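What follows is the residue order along each chain.
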Amino acid sequence: MIPLAEDVLAGQTRAIARAISRVENGHPDKEALIDALYPHGGTSLILGLTGPPGSGKSSLLDLLIDKERSAGKSIAVIAVDPTSPFSGGAILGDRLRMQKHATDDHVFIRSMASRGHLGGVAGATSDAIKVLDAAGFDIIIIETIGVGQTEIDIVELSDIVMLVLVPGLGDEIQALKAGVMEIGDIFIVNKSDRDDADKVKAHIEYVLNFKYMEKPDQKNPIVMTSAVKQDGINTLRDTIQTYYQTILNNGMLEQKRKQRIKAEIKNLITAKIKSKVEAFLHDQGSIEAMVDGLYEKKRSPYAIINEKLNRFLQEKQSI
Amino acid sequence: MKQKLRILISKPGLDGHDRGAKYIARALKDAGYEVIYTGIRQSPEAIAKTAIQEDVDFVGLSLLSGAHNELFPEVVRTIREAGGNNIVIFGGGVIPEDDIADLQKNGISAIFTTGTPVQTVIDFIENQREQISH
């Protein structure tokens, strides 16, 4: 086994941090590292925390860490923030809200830039979770970038998705729409100290009543919190525990995890094929000829692309 | 593709003047680096542990309170002790010229005083790029 993997399994902070960097940077050892670590995972509870920018995700997380630490749990956080499409740089500012846990050896916080990935997390988040899982943390929490309506990759990464909503984002029609509103396992209405918080709760209930008209007992829990006033955090923790027990007992957890593996297999295979095709097109140097052919209207797009693709498949077969 | 550099910007001690730290964080973001910002009032231990967890290549310290002669070397010591031997540490803020040589002797690679153009900091970072090992 590569030495770094052994150090990760031994729970060494520096090794865990370095392993995540290797995953992020596509280091040549990445695949061997993940393959070595993978069999040791599967013991962590993986929570997703998502919601609009400024809804209080990091502040809630800070308070949730307090509660879980009091209960003796070890916690790892991956906090994702957006990479600038203009400069490629990023300001990773989530951990600022959780910095009081910086000196706690049982809390590991890692900021991650999205690096062009669009689904609310980074391309490397999935493998980073495997590193943390193998390192033996009781709970791994993924905080997404501030999301809009369609960034829902967190579903494919976590056992339980917590969706944070706040007053002032719209009416029940907004809540009825497809996308982010469909992915919450637990709904959190943060900033409950504000006037319209009850209305937000009513809108969510309105939507859930439609969704679960025939099985009202399966309605998702809604928790009211105020990070500023430190309200509702105990209830949130209890709700997570209860939800976890429920999905563990009714087989949903296993189903979700298998679904996650299935999605990942597809993603990885597609990504590998894509890079092979890109390399093929690059080697051939013939994409320019295709451009010229199409620009001058001498060729038609699908004819020329199918021709190229067939040549790629033939070459791959002959290897 | 060039290695993406990660930089921790932090304010040690009790100084709350964070405009400079935020300015440099933003400027380095615009220069294409991944910048982790801890906020104010950080202990050397918190900065060191953050630097290790975040696996950063650089740590930039900002201080305007006058406690740099005590705090900067202490941050260097705790980072090295935590195993961050290759992390390049630089500082900025209100630092008298007379203090700079001693700080450099104590492991602060560069000091950027008030009014330093951002490009000077970027050039410094790029010059260190070769030494960064992953």
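The shown structure was predicted, so the numbers you read here are calculated from the model rather than taken from an experiment. (Residues numbered from 1 in each chain as written. Chains lettered and ligands numbered in written order. Predicted model: local features only at pLDDT ≥ 70, side-chain atom pairs only at ≥ 80, totals over all residues. Heavy atoms only, no water.)

**Points about the overall build of chain B**
Link 1 in the chain: The secondary structure content of chain B amounts to five helices and five strands.
Link 2 in the chain: Starting at the N terminus and ending at the C terminus, chain B contains elements arranged as β-α-β-α-β-α-β-α-β-α.
Link 3 in the chain: Relative to the globule expectation of 14 Å for 134 residues, the C-alpha radius of gyration of chain B, 13 Å, shows essentially globular dimensions.
Link 4 in the chain: Oriented by its inertia axes, the alpha-carbon framework of chain B measures out at about 40 × 30 × 25 Å.
Link 5 in the chain: Counting the 134 residues in chain B, one finds 57% classified as buried.
Link 6 in the chain: Contacts spanning at least 24 positions in sequence make up 71% of the contacts within chain B whose residues lie at least 6 apart.
Link 7 in the chain: Carbon together with sulfur atoms contributes 50% to the accessible area of chain B, which is approximately 6,000 Å² in total.
Link 8 in the chain: Positive and negative side-chain charges in chain B, numbering 14 and 18 respectively, have mean positions lying 6 Å apart. (Helix = DSSP H or I, 4+ residues; strand = E, 2+ residues; numbered from the N terminus. Rg over C-alpha atoms; globule rule 2.2 N^0.38 Å. Buried < 20%, exposed > 50% of the residue type's maximum accessible area, 1.4 Å probe, protein only. Contact = heavy atoms within 4.5 Å. Areas by Shrake-Rupley, 256 points an atom, 1.4 Å probe, with all protein chains shown as cover. Lys, Arg positive; Asp, Glu negative; His and termini not counted. Charge placed at Lys NZ, Arg CZ, Asp CG, Glu CD.)

**Some thoughts on the domain arrangement of chain A**
Link 1 in the chain: Looking at the assigned domains, one finds that chain A contains domain 1 (39–250) and domain 2 (264–318).
Link 2 in the chain: Relative to domain 2 of chain A, the C-alpha centre of domain 1 of chain A lies at a distance of 40 Å. (Domains from an automatic or database assignment.)

**Let's talk about the packing of aromatic side chains**
Link 1 in the chain: If you walk through the whole model with that rule in mind, you get eight aromatic pairs over all chains.
Link 2 in the chain: Taking the centre distance of 6.1 Å and the plane angle of 50° together, the rings of F108(A) and F137(A) count as tilted. Linking F108(A) in strand β4 (residues 107–113) with F137(A) in the loop between α5 (125–135) and β5 (139–143), this pair joins segments that are 29 residues apart in sequence.
Link 3 in the chain: For the pair F58(B) and F90(B), a centre-to-centre distance of 6.4 Å together with 65° between the ring planes defines the contact as edge-to-face. Taken as a pair, F58(B) in strand β3 (residues 58–63) and F90(B) in strand β4 (residues 88–93) lie far apart in primary sequence, 32 residues in all. The pair F58(B) / F90(B) is uniform in exposure class, with both members buried.
Link 4 in the chain: Taken together, the ring pairs in this structure connect F58(B), F90(B), F112(B) and F124(B) into an aromatic cluster. (Phe/Tyr/Trp six-rings, centres within 6.5 Å; stacked < 30°, edge-to-face > 60°.)

**Re the sheet that holds strand β1 (residues 45–50) of chain A**
All names here are of chain A.
Link 1 in the chain: The strand order across the open sheet formed by seven strands is β4-β2-β5-β1-β6-β7-β8, and the pairing between neighbours is parallel. Each end of this open sheet is capped by a strand with a single partner; those strands are β4 and β8 (222–224). Strand-to-strand twist of the sheet, defined as the mean angle between neighbouring strand axes without regard to direction, takes the value 20°.
Link 2 in the chain: As paired elements, strand β2 (residues 75–81) and β5 share five bridges and run parallel to each other. Bridge pairing links I75 to I139 in β5.
Link 3 in the chain: α5 rests against β1, β2, β4 and β5 of the sheet, and its axis sits at about 165° to β2. (Pairing = 2+ DSSP bridges. Axes fitted to C-alpha atoms, helices over the stretch in contact; angles between N-to-C directions.)

**What about the sheet that holds strand β3 (residues 90–92) of chain A?**
Link 1 in the chain: Strand order across the open sheet formed by six strands is β3(A)-β2(B)-β1(B)-β3(B)-β4(B)-β5(B), with parallel pairing between neighbours. Across the chains shown, the open sheet's two edge strands, defined by having one partner strand only, are β3 of chain A together with β5 (110–113) of chain B. Strand-to-strand twist of the sheet, defined as the mean angle between neighbouring strand axes without regard to direction, takes the value 20°.
Link 2 in the chain: Both β3(B) and β4(B) contribute to a ladder of six bridges, which runs parallel. The partner of F58(B) across the bridge, within β4(B), is V88(B).

**Remarks on the interface of chain B and chain A**
Link 1 in the chain: Each partner contributes residues to the interface: chain B has 30 residues there, and chain A has 30 residues.
Link 2 in the chain: Both faces considered, chain B and chain A share a buried interface measuring about 2,500 Å² in area, 45% of it formed by carbon and sulfur atoms.
Link 3 in the chain: Here chain B is connected to chain A by six salt bridges.
Link 4 in the chain: Here K49(B) makes a salt bridge to D105(A), at a shortest N to O gap of 2.9 Å.
Link 5 in the chain: Taken together, the connections running from chain B to chain A amount to 20 residue pairs in polar contact (both at pLDDT 80 or more).
Link 6 in the chain: Those elements that provide at least two residues to the side of chain B that touches chain A are α1 (19–30), β2 (34–37) and α2 (44–53) of chain B.
Link 7 in the chain: It is α2(B) that provides the largest number of residues to the side of chain B that touches chain A, a total of six residues. (Buried area = accessible area lost by both parts, 1.4 Å probe. Salt bridge = Lys/Arg side-chain N within 4 Å of Asp/Glu carboxyl O. Polar contact = N/O pair within 3.5 Å; in protein donor to acceptor, adjacent residues only side chain to side chain.)

**Details of a nonpolar patch on the surface**
Link 1 in the chain: A contiguous nonpolar surface patch, about 480 Å² in accessible area, is contributed by Y38(A), I261(A), I265(A), I269(A) and I273(A).
Link 2 in the chain: As for its position among the elements, Y38(A) is in the loop between α3 (30–37) and β1. (Patch = residues over 30% accessible without salt bridge, like charges linked within 9 Å, V, L, I, M, F, W, Y side chains within 5 Å.)

**A look at the side chain of S226(A)**
Link 1 in the chain: Mapped onto the secondary structure, S226(A) falls in the loop between β8 and α8 (233–249).
Link 2 in the chain: There is a polar contact of 3.1 Å between the side chain of S226(A) and the backbone nitrogen of K229(A).

**Considering the nonpolar core**
One recurring pattern in soluble globular proteins is that nonpolar side chains are buried together.
All names here are of chain A.
Link 1 in the chain: With 36 residues, the main nonpolar core has I16, V131 and L132 as its most contacted residues.
Link 2 in the chain: Elements with a minimum of two residues in this core: α1 (3–9), α2 (13–25), α3, β2, β4, α5 and β5.
Link 3 in the chain: The contact partners of L132, leaving out residues within four places of it in the chain, are I16, I20, S44, A76, I78, F108, F137 and I140.
Link 4 in the chain: If you look at the next biggest cluster of nonpolar residues, it comprises 29 residues, including L45, L47, L60 and I160. (Core = buried A, V, L, I, M, F, W, Y, C linked by side-chain atoms within 4.5 Å.)

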